[in-house]
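So the chains spell out like this:
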Amino acid sequence: MNESTKLSYLKTMLFGSADSTKYDAELSVYLQLTGYEILNWRYSLVPDKRPEAVPTEYEVTQIMACAAGYGHKGAPDQVTHSENGVARTWKHADMVAYVHSHVTIVAG
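Residues numbered from 1 in each chain as written. Predicted model: local features only at pLDDT ≥ 70, side-chain atom pairs only at ≥ 80, totals over all residues. Heavy atoms only, no water.

> Where do I start with the pattern of salt bridges in this structure?
Any two side chains of opposite charge can pair if their charged atoms end up close together. In the structure shown here, the tally under the stated rule is three salt bridges. A salt bridge links Arg42 to Glu57, with the nearest nitrogen and oxygen atoms 3.9 Å apart. Placement of the pair is Arg42 in helix α2 (residues 24–42) and Glu57 in the loop between α2 and α3 (59–71), with a sequence separation of 15 residues. Looking at Glu57, the relative accessible area reads 53%, which means it is exposed. (Salt bridge = Lys/Arg side-chain N within 4 Å of Asp/Glu carboxyl O. Helix = DSSP H or I, 4+ residues; strand = E, 2+ residues; numbered from the N terminus. Buried < 20%, exposed > 50% of the residue type's maximum accessible area, 1.4 Å probe, protein only.)

> What am I meant to see in the packing of α2 against α3 here?
Geometrically, a packed helix pair is captured by the angle between its two axes and the distance between the axes. Interaxial distance between α2 and α3 falls to 9 Å at its minimum, and their mutual angle equals 120°. On the basis of their axis angle, the class for α2 and α3 is oblique. Relative to α3, the crossing made by α2 is right-handed. Taken together, the residues of α3 that come into contact with α2 (itself represented by Glu26, Leu27, Tyr30, Leu31, Thr34, Gly35 and Ile38) are Gln62, Ile63, Ala65, Cys66, Gly69 and Tyr70. (Axes fitted to C-alpha atoms, helices over the stretch in contact; angles between N-to-C directions. Parallel < 35°, antiparallel > 145°, perpendicular 65-115°, else oblique. Left-handed = near helix turned anticlockwise from the far one by under 90°. Contact = heavy atoms within 4.5 Å.)

> Mind showing me how you'd approach the nonpolar core here?
Nonpolar side chains tend toward joint burial in soluble globular proteins. In terms of nonpolar packing, the biggest core is built from 18 residues, with Leu10, Leu31 and Ile38 touching the most fellow members. Counting residues per element, the ones that place at least two in this core are α1 (3–15), α2, α3 and α4 (95–102). Beyond its immediate stretch of four places on either side in the chain, Leu31 contacts Glu3, Lys6, Leu7, Leu10, Gln62, Ile63 and Cys66. (Core = buried A, V, L, I, M, F, W, Y, C linked by side-chain atoms within 4.5 Å.)

> Sorry if this is basic, but what is going on with unusual backbone geometry here?
The general pattern is negative phi for most residues beyond glycine and trans for most peptide bonds. Even without a glycine there, the phi angle at Asn84 is positive, about 55°. When you line up the elements, Asn84 lands in the loop between β1 (80–83) and β2 (86–89).

In structure tokens:
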């Protein structure tokens, strides 16, 4: 999947549509940083085997991690929130926690 497709999927998940380009730069940074985290985490024990791109099997994880991270924007380290009788709970603290719980490390 190419980067524009990932961006389109992410925008549709977050905003219901991929039509606007208002957040493209910000979301592209989320995708890039999440891609780095996936590669660095997965190949931390065998850095010489680290590929240049996110493996196909982790592309959906990359998009979902971005959505998790974006959902916490403005609420660092917060996993629960209550306001005006509405309570929200997040399973993952941020996109890094999402990556670490969904990506398997290569051991050798």
